[in-house]
Amino acid sequence: MNAIPWREDYDTGFQRMDDEHRALLQIVNELFAKSGEGITRTLEFDNGLMELNRRLQAHFTQEEKWMKEHDALNAQEHCLDHHWILSGARWFTESYFKGNAQAPGEGLMVFEAYFEKHLSGYDKELADFLRARLAR
Ligand SMILES: [Fe+2]
Ligand SMILES: [Fe+2]
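Numbering of residues starts from 1 in every chain and runs along the sequence as written. Chain letters and ligand numbers both follow the written order, the letters beginning at A and the numbers at 1. Owing to the predicted nature of the model, reporting of local features is limited to residues with pLDDT of at least 70; listing and counting of side-chain atom pairs is limited to 80 or more, with chain, interface and lining totals taken over all residues. By convention in this description, side-chain values take in all heavy atoms of the structure and omit both hydrogens and water.

Peer 1: Mind showing me how you'd approach the coordination of the iron ion (ligand 1) here?
Peer 2: When four donors bind a metal tetrahedrally, each ideal donor-metal-donor angle is 109.5 degrees, and when six bind octahedrally, the ideal angles are 90 or 180 degrees. Listed as protein donors to the iron ion (ligand 1) are His21 (NE2), His59 (NE2), Glu63 (OE) and Asp123 (OD); their distances from the metal cover 2.0 to 2.2 Å. Coordinating N, O and S atoms are those within 2.8 Å of the metal (3.2 Å for Na, K and Ca), and as water is not part of the atoms, a site may appear to have fewer donors than expected. The distance between the iron ion (ligand 1) and the iron ion (ligand 2) is 3.6 Å, with Glu63 acting as a donor to both metals. With a gap of 64 residues between them, His59 in helix α2 (residues 43–69) and Asp123 in helix α4 (residues 103–135) connect regions that are remote in the sequence. The two residues His59 and Asp123 agree in class, both being buried. Per the convention used, a helix needs a DSSP run of H or I reaching at least four residues, while a strand needs a run of E reaching at least two, with both numbered from the N terminus. Each residue is assigned to one of three classes by its accessible area relative to the maximum for its type, calculated with a 1.4 Å probe on protein chains only: buried under 20%, partly exposed between the two thresholds, exposed over 50%.

Okay, structure coming up:
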């Protein structure tokens, strides 16, 4: 399975956010690189997938904390998008645990969409907002 390469437009310019995004992308790539086109369950993949879900949830919680603290614009829409991404991640995690060998491939699609749309959209907007706020 192809890794998702880091792209320049994924950079939001807010260092703490970018560091977390890069770490998430690395976990996604390490995990899915091992999964091939389909997968039979392994403890290693089980643990990796659960860790990815935890890290994603923690990342979203951090961003939502920043939104609250700084009264960010479009916070509701941004949170709702987090909710949809988490739902997608949970859906394929569950599907994988139920024995769907194709689930990792479907999961990778969820993450491709997350990195392509969310980072350059909601996250970039939040990053610009936070930078302006914190510069005051
Ligand atoms: Fe983010
Ligand atoms: Fe976000």
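Peer 1: I would appreciate a short explanation of the packing of α2 against α4 in the present structure.
Peer 2: The description of two packed helices rests on the angle between their axes and on the distance between the axes. Each axis is a line fitted through C-alpha atoms, taken for helices only over the stretch in contact, and angles between the N-to-C directions span 0 to 180 degrees. One can describe the packing of α2 onto α4 by two numbers: an axis separation of 13 Å at closest approach and a directional angle of 20°. Taken together, α2 and α4 sit at an angle that is classed as roughly parallel. Handedness of the α2/α4 crossing: left-handed. The segment α2 lies against α4, with Phe45, Leu52, Leu56, His59, Phe60, Glu63, Trp66 and Met67 engaging Pro104, Phe111, Tyr114, His118, Asp123, Leu126 and Leu130. Three classes are used, and their members are as follows: Ala, Val, Leu, Ile, Met, Phe, Trp, Tyr, Cys and Pro are nonpolar, Asp, Glu, Lys and Arg are charged, and the others, Gly among them, are polar. A per-class count over the contact of α2 with α4 returns 11 nonpolar, two polar and two charged. Just so you know how the angles are binned, under 35 degrees is roughly parallel, over 145 roughly antiparallel, 65 to 115 roughly perpendicular, and the rest oblique. Take the far helix as the reference: if the near one is turned anticlockwise from it by less than a right angle, the crossing is left-handed, and if turned clockwise, right-handed. Residues are treated as being in contact if the distance between any of their heavy atoms lies within 4.5 Å.

So yeah, pure geometry; function would need other evidence.
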